[in-house]
Amino acid sequence: MIGAAKKDKTSASGRRIVKVSRAVRKPNRSLGGDIFIWGILIIFGIFFIFPLVFNINQAFKPLNEIFIFPPNLFVINPTTDNISDLFIIMSRSWVTFTRYIFNTVFITFVGTAGHLFVASLGAFAVSKYDFPGSKFFFGIIITALMFNQYVTAIPNFLILTQLGWIDTYWAVIIPAFGMPLGFFLMKQFMDTIPVSLVEAAKIDGASEWLIYWRIVLPLVKPALLTVMVFAVQALWNNPQSLVIHTEQLKTLPLAISQIIGSPHAPQVARAGVNAAGLMVLMMVPIIIFVTAQSNILKTMASSGIKE
Amino acid sequence: MEGTNFQRYLARKKAMSAYTWNEVKKHKMLYLFLFPFLLIFATFTLAPVGISLGLSFTYFNVLEPPRWIGFTNYLNLFLSDDIFIIALRNTIILATITGPVGFMAAFLFAWFINELPRFIRAFVTLVFYAPTIAGSAYLVWLLIFSGDSMGHLNAYLMRAGIINSPILWLTNPDYMMYVIIIVVLWMSLGAGFLAFIAGLSTIDEALYEAGLVDGVRNRWQELWFITLPNMQGMLLFGAVMAITSSFAVGEVTQNLAGFPSTDYEVHTIVNHLVDYGAMRFEMGYASAIATILFISMIYAKRIVSSFIGKIGR
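Residues numbered from 1 in each chain as written. Chains lettered and ligands numbered in written order. Predicted model: local features only at pLDDT ≥ 70, side-chain atom pairs only at ≥ 80, totals over all residues. Heavy atoms only, no water.

**Some thoughts on the overall build of chain B**
Okay, step 1: What chain B contains, in helices and strands, is 15 helices and two strands.
Okay, step 2: Scaling as 2.2 N^0.38, a compact globule of 313 residues should have a C-alpha radius of gyration of about 20 Å, whereas chain B reaches 26 Å, well beyond that.
Okay, step 3: Dimensions of chain B along its principal axes, counting C-alpha atoms only, are 90 × 70 × 40 Å.
Okay, step 4: Taken over 313 residues, chain B has a buried fraction of 52%.
Okay, step 5: Within chain B, counting contacts between residues at least 6 apart in sequence, those at least 24 apart form 65% of the total.
Okay, step 6: Within chain B, one finds 19 positive and 18 negative side-chain charges whose respective centroids are separated by 16 Å. (Helix = DSSP H or I, 4+ residues; strand = E, 2+ residues; numbered from the N terminus. Rg over C-alpha atoms; globule rule 2.2 N^0.38 Å. Buried < 20%, exposed > 50% of the residue type's maximum accessible area, 1.4 Å probe, protein only. Contact = heavy atoms within 4.5 Å. Lys, Arg positive; Asp, Glu negative; His and termini not counted. Charge placed at Lys NZ, Arg CZ, Asp CG, Glu CD.)

**With respect to empty space enclosed by the protein**
Residue and element names in this part refer to chain A.
Okay, step 1: Within this structure, the stated rule accounts for one cavity of 30 Å³ or more.
Okay, step 2: Computed from the structure, the largest cavity encloses a volume of approximately 110 Å³.
Okay, step 3: Lining the largest cavity are 15 residues, and of these Ile-107, Val-172, Leu-235, Gln-240 and Thr-251 lie nearest its centre.
Okay, step 4: Mapped onto the lining of the largest cavity, the elements with two or more residues apiece are helix H6 (97-128), helix H13 (221-237) and helix H14 (252-260).
Okay, step 5: It is H6 that provides the largest number of residues to the lining of the largest cavity, a total of three residues.
Okay, step 6: A breakdown of the residues in the lining of the largest cavity according to their chemical character gives nine nonpolar, five polar and one charged. (1 Å grid on protein atoms, 1.4 Å probe; cavity = no way out; pocket = protein on both sides within 12 Å on 5 of 7 lines; lining within 4 Å. Points joined across faces, edges and corners; volume = space filled by probe spheres on them. Nonpolar A, V, L, I, M, F, W, Y, C, P; charged D, E, K, R; others polar.)

**Topic: the interface of chain B and chain A**
Okay, step 1: Counting from both sides, the interface comprises 103 residues of chain B and, opposite them, 102 residues of chain A.
Okay, step 2: For the pair chain B and chain A, the summed buried surface comes to about 9000 Å²; carbon and sulfur atoms form 78% of the total.
Okay, step 3: Among the residues of chain B in contact with chain A, Phe33(B), Phe37(B) and Phe44(B) are the three that bury the most area, contributing 9% of the side total.
Okay, step 4: The interface formed by chain B and chain A holds one salt bridge in total.
Okay, step 5: A salt bridge links Arg219(B) to Asp34(A); the nearest nitrogen and oxygen atoms lie 2.8 Å apart.
Okay, step 6: Looking at the side of chain B that touches chain A, the element that brings in the most residues is helix H2 (residues 28-55) of chain B, giving 20 residues.
Okay, step 7: The residue inventory of the side of chain B that touches chain A, partitioned by class, reads 74 nonpolar, 21 polar and eight charged. (Buried area = accessible area lost by both parts, 1.4 Å probe. Salt bridge = Lys/Arg side-chain N within 4 Å of Asp/Glu carboxyl O.)

**A closer look at helix H12 (residues 232-247) of chain B**
Okay, step 1: Compared with the 22 Å implied by 1.5 Å per residue over 16 residues, the 22 Å span of H12(B) between its first and last C-alpha is a close match.
Okay, step 2: With 14 of 16 residues buried, H12(B) is to be regarded as a mostly interior element. (Expected span 1.5 Å × (residues − 1).)

**Quick notes on the domain arrangement of chain A**
Residues and elements named next belong to chain A.
Okay, step 1: Each assigned domain of chain A is listed here: domain 1 (2-59) and domain 2 (87-300).
Okay, step 2: The junction of domain 1 with domain 2 conceals about 500 Å² of combined surface from both sides, 78% of it contributed by carbon and sulfur atoms.
Okay, step 3: Sorting the residues of domain 1 by area buried against domain 2 places Asn-55, Ile-56 and Ala-59 first, and these three jointly supply 73% of that buried surface.
Okay, step 4: Applying the counting criterion to the domain 1 and domain 2 interface returns zero salt bridges.
Okay, step 5: The interface formed by domain 1 and domain 2 contains zero residue pairs in polar contact (both at pLDDT 80 or more).
Okay, step 6: When the residues that make up the side of domain 1 that touches domain 2 are grouped by side-chain class, the tally is three nonpolar, two polar and no charged. (Domains from an automatic or database assignment. Polar contact = N/O pair within 3.5 Å; in protein donor to acceptor, adjacent residues only side chain to side chain.)

**Section: a nonpolar patch on the surface**
Okay, step 1: Side chains of Phe117(A), Trp209(A), Leu210(A), Trp213(A), Met29(B) and Leu32(B) sit close together on the surface and give an oily, nonpolar patch of about 570 Å² of accessible area.
Okay, step 2: Where the nonpolar patch is concerned, the elements lending two or more residues are helix H12 (208-219) of chain A together with H2 of chain B.
Okay, step 3: A total of three residues in the nonpolar patch trace back to one element, the largest contributor, which is H12(A).
Okay, step 4: Summarising the element assignment, Trp213(A) is placed in helix H12.
Okay, step 5: Note on Trp213(A): relative accessible area 43%, which makes it partly exposed. (Patch = residues over 30% accessible without salt bridge, like charges linked within 9 Å, V, L, I, M, F, W, Y side chains within 5 Å. Areas by Shrake-Rupley, 256 points an atom, 1.4 Å probe, with all protein chains shown as cover.)

**Some words on the nonpolar core**
Okay, step 1: If you look at the biggest cluster of nonpolar residues, it comprises 185 residues, and the most contacted ones within it are Met300(A), Phe128(B), Phe193(B) and Phe237(B).
Okay, step 2: Setting aside its immediate chain neighbours within four residues, Phe237(B) contacts Leu145(A), Leu181(A), Phe184(A), Leu185(A), Met300(A), Ser303(A), Ile305(A), Ala191(B) and Ala195(B).
Okay, step 3: Within the second largest apolar cluster, five residues are counted, among which are Ala59(A), Ile83(A), Ala275(A) and Ala276(A). (Core = buried A, V, L, I, M, F, W, Y, C linked by side-chain atoms within 4.5 Å.)

**Regarding the domain arrangement of chain B**
Residue and element names in this part refer to chain B.
Okay, step 1: With domains assigned, chain B is organised as domain 1 (1-55) and domain 2 (71-308).
Okay, step 2: Averaged C-alpha coordinates put domain 1 and domain 2 at centres separated by 38 Å.
Okay, step 3: Across the boundary between the two partners, domain 1 contributes four residues, which contact six residues of domain 2.
Okay, step 4: Scanning the region where domain 1 abuts domain 2 turns up zero salt bridges.
Okay, step 5: Taken together, the links from domain 1 to domain 2 amount to zero residue pairs in polar contact (both at pLDDT 80 or more).

As structure tokens, then:
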């Protein structure tokens, strides 16, 4: 509101100022407003990033700095002891460390690849063709964006039990194929591809499969990458402790969260290791996001819901 | 005339269904394309909602087959389960605060970031979005809000002389709800935030130039008359995402404030659902809770989309 008041004054006093400064500043932008925006972003930016920075510092603190009083925010003598301790604890577990890595990579890779294929194939059909039931189905997808895992958890468990998939990789992998968010984003992005491309291919006698595989799929690479990032995050951030019990089948995030233990019985002796574990858990999705950021924003530009 | 009209109606109906059937046959390849996704989506997303609705009318403890008991679960929930009423109240408080505030904050931050010079936008976006994707990193708030005098916030406040004795942030009912709201807002800018950032950058520059000619005086007017009406689709998507996350608060309260929390002060519907579904194995009762959660989300979306339809008018 500061910006609004200030701008009204200058525009009342004369248009010349606006004209002269247009070369440097965008029109309709007051200096007061800019300062206000920078101020807000800096204050809230600190609020958003502070806990993560704090945690990273905590992970590099030697034991005597973790328990110092009054507590320090920043580490003074950084050490990698906590991180190596984390891996020592993991390697002492009777399941070898590489097995956790294999499980994570296998579940994430197969789950994501299957989701990409199945969702892009279906999204292609709904986006590029008009056939009976296609609009209705997409309406259901939009509503299904709101079904969270808690609403469906109990029946899902019963269904997985019936299929005999409890305590197998498939209990995590197959349901991930059908995530509505991926289908939704893919379809919205495919809508931005000009129909004329598809029409031209049809006239040339290309089959639906050929149009999908050769024309549409190469054009939606940003969407594929975005959906991939979301799928990896979903698989990484939800340790599936409900459906996988066997230690040999558990993923790395689940194994680390077991070491961290219950947040309400904090193991004081492992305070540094806990911080290191949390840091590993949060760095992986953040790194993936950073590498894919520009493609994600390209895809999200088409995410609007039309009613 | 009546008869002929009716006959004409029948004929048209027949032609229509024949046409539809032809269309279906013509596009059978596309149904094949859609089939794998449809099958998995129906099995693990649609069917569970239906099953949950069905189970909510039964007594079901997993060991014995479900027994039909009509509306008893719902009656018990609303008439004799005091904790459910508390959970309902808490969920409504959390959803009506973190939902709209989180949604508006996500939009405002996205809009502010869009005003920044290009080179710094990607970095600032990451700063604001990192808590959303950082998963269980919110557990670090346990250290900050730790209740003894060694807790970081307590230590700083005591050294600054603002408080004399440590505050039990996570176990004192006076503060718990505020702490949870702060943490939930911190970690839930969500996919809507990305959609806003992306959407803002795609609005045609020519629209703003036209607005300048038509007498738009400042960026706030620009926002209301040009930006918002052009982003209704994104806003609705963001709203759907905000509703989903604000009604699903449960893991955070469980891990920060304990389970159950003091006096059930931050006990949410999701906590109640987990209590009956995963600990007491009263699946019928838990399904009734899930159904109520589901219905309230659908209604929240209805209300929100009617609001969003009015923007810029």
